[in-house]
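A structural walkthrough
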Amino acid sequence: MNNSDLSRRKDDHLDIVLDRHKAASRISAGWSEVHFEHCALPELDHAAIDLRTSLLGIALQAPLLISSMTGGANRSEAINRHLAEAAQELGIAMGVGSQRVSLQTGNDQGLTRELRRLAPDIVLLSNIGAAQLLEAEGIDLARRAVDTLHANGLIIHLNPLQEAVQAEGDRNWRGVLTQIARVASSLEVPVVVKEVGAGLSASVARSLIEAGVQVIDVAGAGGTSWAAVEGERAANEADRAVAMAFADWGIPTASAVQAIRAALPQATLIASGGIRDGVDAAKAIRLGADIVGQAAGALPGATLSTEAVVEHFQIVIRQLRTACFCTGSANLAALRNARLLPTGSPRTTQA
């Protein structure tokens with residue numbers, strides 16, 4: 001595939017993801033099945049609730065990550081600038097989209113150290129696809145991804161389903177885990193591994209931790225379905241039919257978080273995939289996540305301005321703080337022990 005084709009594909013992805021009806025997974029992330037027990041007597045000052053935490057040893061003002069969105073489209077430069085400036089203002093983390101196009105072409109799409117200049121204090125994560133690690137220059141590509149941004153860590157994204165249903169996808173994944181281990185041992189920064197919307201199982205997460213990965217992002221089903229995205233951009237009905245059959249494929253995010261936390265109690269865990277608001281973020285933290293990531297929900301604002309992104313995440317933070325308040329949780333540690341209603345408790349009344 002030539003460079004213009006890669007950029008065009010990324011641009012197609014943005015258009016489809018911005019149309020939520022086309023890109024949405026056909027299954028639930030699982031948050032609607034989790035319900036907090038309301039505390040009518042919180043004995044807390046709402047304004048004093050402490051949402052601070054850290055990622056990779058760097059302080060965050062709230063447990064939020066602006067998840068990977070775009071790294072190859074022509075409008076990426078403005079989007080990434082808005083995201084970086086917003087992350088700096090809010091004191092939250094940011095992961096960029098795939099740097100493959102910017103690293104393999106002369107078009108950096110804004111993925112340069114300018115992002116670090118705009119956001120000198122944040123956790124900034126670079127990003128490369130697992131399939132690219134199998135290329136002859138794979139490890140060098142990973143190193144350059146970090147150096148180009150002066151990033152605090154490297155995201156390696158796993159997208160086997162997307163690659164399998166994409167007409168031009170990389171389908172030979174033999175040796176990927178070995179390459180991930182090599183990258184983890186050779187880079188001077190921590191490695192984060194994430195799925196892109198089909199979820200990580202506990203067994204895969206354990207293999208990754210044993211390979212030297214330091215952070216797991218479950219990126220579960222329930223948000224953007226990249227199978228559906230590829231189905232929407234398919235050039236023929238056969239490719240579309242293959243892709244759309246997998247629009248309801250994957251491990252729901254809530255299930256993935258619980259399973260991985262039970263299997264790996266000490267792992268640093270990011271929950272992303274179908275995070276609609278701060279209440280979902282609170283539920284993810286209660287189920288075992290350390291950090292919560294959101295991508296598609298923030299993308300419309302990111303196409304407009306820094307202020308729109310800031311406003312979006314300020315709402316998420318207010319929602320998260322209110323969820324803490326109404327569960328009697330003074331901080332995130334308390335939220336992790338907040339009481340839940342029993343599974344199957346009635347939630348609606350019959351007329």
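Numbering of residues begins from 1 in every chain and follows the order in which that chain's sequence is written. Confidence filtering applies because this is a predicted model: local features only for residues at pLDDT of at least 70, side-chain atom pairs given and counted only at 80 or more, and all residues used for totals across whole chains, interfaces and linings. As a rule here, side-chain values come from all non-hydrogen atoms in the structure, and water together with hydrogens is ignored.

The protein is annotated in an unreviewed UniProt entry as Isopentenyl-diphosphate delta-isomerase from Phytopseudomonas argentinensis. UniProt lists a comment for the protein under the heading Function (unreviewed entry), and it reads "Involved in the biosynthesis of isoprenoids. Catalyzes the 1,3-allylic rearrangement of the homoallylic substrate isopentenyl (IPP) to its allylic isomer, dimethylallyl diphosphate (DMAPP)." Under the UniProt heading Subcellular location (unreviewed entry), the note attached to the protein is "Cytoplasm". UniProt positions are given in the numbering used here, feature names are shortened, and annotations may be inferred rather than shown by experiment.

Bringing the pattern of salt bridges into the picture now. Pairing is possible between side chains that carry opposite charge, provided their charged atoms lie close to one another. In the sections that follow, a salt bridge refers to a side-chain nitrogen of Lys or Arg positioned within 4 Å of a carboxyl oxygen of Asp or Glu. Summed over all chains, the structure comprises 11 salt bridges. Arg-240 is paired through a salt bridge with Glu-232; the nearest N and O atoms lie 3.8 Å apart. Partly exposed residues are those whose accessible area sits between 20% and 50% of the maximum for their type, while under 20% is buried and over 50% is exposed, using a 1.4 Å probe and protein chains only. Using a relative accessible area of 29% as the deciding quantity, one classes Arg-240 as partly exposed. Residue class for Glu-232 comes out partly exposed when judged on its relative accessible area of 27%. Sharing partners across several salt bridges, the network here consists of Arg-100, Glu-135 and Asp-170.

One can find Ser-329 in the loop between helix 15 (306–325) and helix 16 (332–335). N or O atoms within 3.5 Å of each other form a polar contact, as long as, within protein, one can give a hydrogen and the other can take it, and as long as residues adjacent in sequence are counted only when both atoms are side-chain atoms. At 2.8 Å, the side chain of Ser-329 and the side chain of Thr-327 are in polar contact. Excluding its chain neighbours within four sequence positions, the residues that come into contact with Ser-329 are Leu-44, Ile-49, Cys-324, Ala-334, Leu-335 and Ala-338. Secondary structure elements are defined from DSSP: runs of H or I of at least 4 residues count as helices, runs of E of at least 2 residues count as strands, and each element is numbered from the N terminus. Contact definition: two residues touch when any of their heavy atoms are within 4.5 Å.

What follows covers the side chain of Glu-163. In this fold, Glu-163 is placed in helix 7 (residues 160–165). Residues in contact with Glu-163, not counting those within four places in the same chain, are Gly-169, Asp-170, Arg-171 and Trp-173.

It is worth spelling out the state of the cysteines at this point. Cysteine sulfur atoms that pair up within 2.5 Å are treated as a disulfide. Per the stated rule, a full pass over the model turns up zero disulfides. Distance from the sulfur of Cys-39, which forms no disulfide, to the nearest cysteine sulfur (Cys-326) is 8.2 Å. Considering cysteine sulfurs only, Cys-326 is the nearest to Cys-324, which forms no disulfide, with 9.8 Å between them.

An order of 3-4-5-6-7-8-9-10 is seen for the eight strands of this closed barrel, with the pairing classed as parallel. With strand direction ignored, the average angle separating the axes of adjacent strands in the sheet is 25°. Judged from the two bridges that link them, strand 4 (residues 93–95) and strand 5 (residues 124–129) form a sheet pairing that is parallel. Its bridge partner lying in strand 5, Met-94 is registered against Leu-124. Sheet strands in contact with helix 3 (residues 76–90) are strand 3 (64–66) and strand 4, and its direction is about 160° off that of strand 4. All axes are obtained by fitting lines to C-alpha atoms, using only the stretch in contact for helices, and the reported angles, taken between N-to-C directions, cover 0 to 180 degrees. Lying over the sheet, helix 15 contacts strand 3 and strand 10 (291–294), oriented at roughly 155° with respect to strand 3. A strand pair is defined by DSSP finding two or more bridges across the two strands.

Attention shifts here to the nonpolar core. Among the buried residues, those of types Ala, Val, Leu, Ile, Met, Phe, Trp, Tyr and Cys that are joined through side-chain atoms within 4.5 Å form a nonpolar core. By size, the foremost hydrophobic cluster in this structure holds 82 residues, and its most contacted members are Met-94, Leu-115, Leu-154, Ile-156, Ile-180 and Leu-335. With eight residues, the single largest contributor to this core is helix 15. Not counting chain neighbours up to four residues away, the residues in contact with Leu-154 comprise Ser-126, Asn-127, Ile-128, Ala-142, Ala-145, Val-146, Val-183, Leu-187, Val-189, Pro-190, Val-191 and Val-192. Residues Val-192, Val-215, Ile-270 and Ile-291 belong to the second largest nonpolar core, which totals 11 residues.

Taking relative accessible area as the criterion, Ser-329 reaches 1% and is therefore assigned buried. The spacing of Ser-329 and Ala-131 is 198 residues in sequence and 42 Å in space, taken between C-alpha atoms.

Interhelical geometry of helix 3 versus helix 15 gives an angle of 50° and a closest axis separation of 8 Å. One way to sum up the angle between helix 3 and helix 15 is to call them oblique. Crossing of helix 3 over helix 15 shows right-handed handedness. Note on element contacts: helix 15 touches helix 3 through Thr-306, Val-309, Val-310, Phe-313 and Gln-314, opposite Arg-81, His-82, Leu-83, Glu-85, Ala-86, Glu-89 and Leu-90. Throughout, the ten residues Ala, Val, Leu, Ile, Met, Phe, Trp, Tyr, Cys and Pro are labelled nonpolar, Asp, Glu, Lys and Arg are labelled charged, and all others, Gly among them, are labelled polar. For the contact of helix 3 with helix 15, a count of residues per class yields six nonpolar, three polar and three charged. Should an angle fall under 35 degrees it is taken as roughly parallel, and over 145 as roughly antiparallel, whereas 65 to 115 is taken as roughly perpendicular and any remaining angle as oblique. Two helices crossing with the near one rotated counterclockwise from the far one by less than a right angle form a left-handed crossing, whereas a clockwise rotation gives a right-handed crossing.

Under the present numbering, the feature "binding site: substrate" (unreviewed entry) in UniProt falls on Arg-9, Lys-10, Ser-98, Gln-99, Arg-100 and Gln-162. Inspection of the secondary structure puts Gln-99 in the loop between strand 4 and helix 4 (100–104). Exposure remark for Gln-99: the relative accessible area of 0% places this residue in the buried category. Every residue in contact with Gln-99, bar those within four places of it in the chain, is listed here: Leu-111, Ser-126, Asn-127, Ile-128, Ala-145, Thr-148 and Leu-149. Counting through the fold element by element, Arg-100 comes out in helix 4.

With respect to the helices and strands, the residue Asp-121 is situated in the loop between helix 5 (113–118) and strand 5. Using a relative accessible area of 53% as the deciding quantity, one classes Asp-121 as exposed. Remark: the alpha-carbon pair of Asp-121 and Ile-155, spanning 34 residues in sequence, is separated by 18 Å. The contacts of Asp-121, once residues within four sequence positions are left out, are Ile-58, Gln-88 and Arg-116. A distance of 2.7 Å separates the side chain of Asp-121 from the side chain of Gln-88, its partner in a polar contact.

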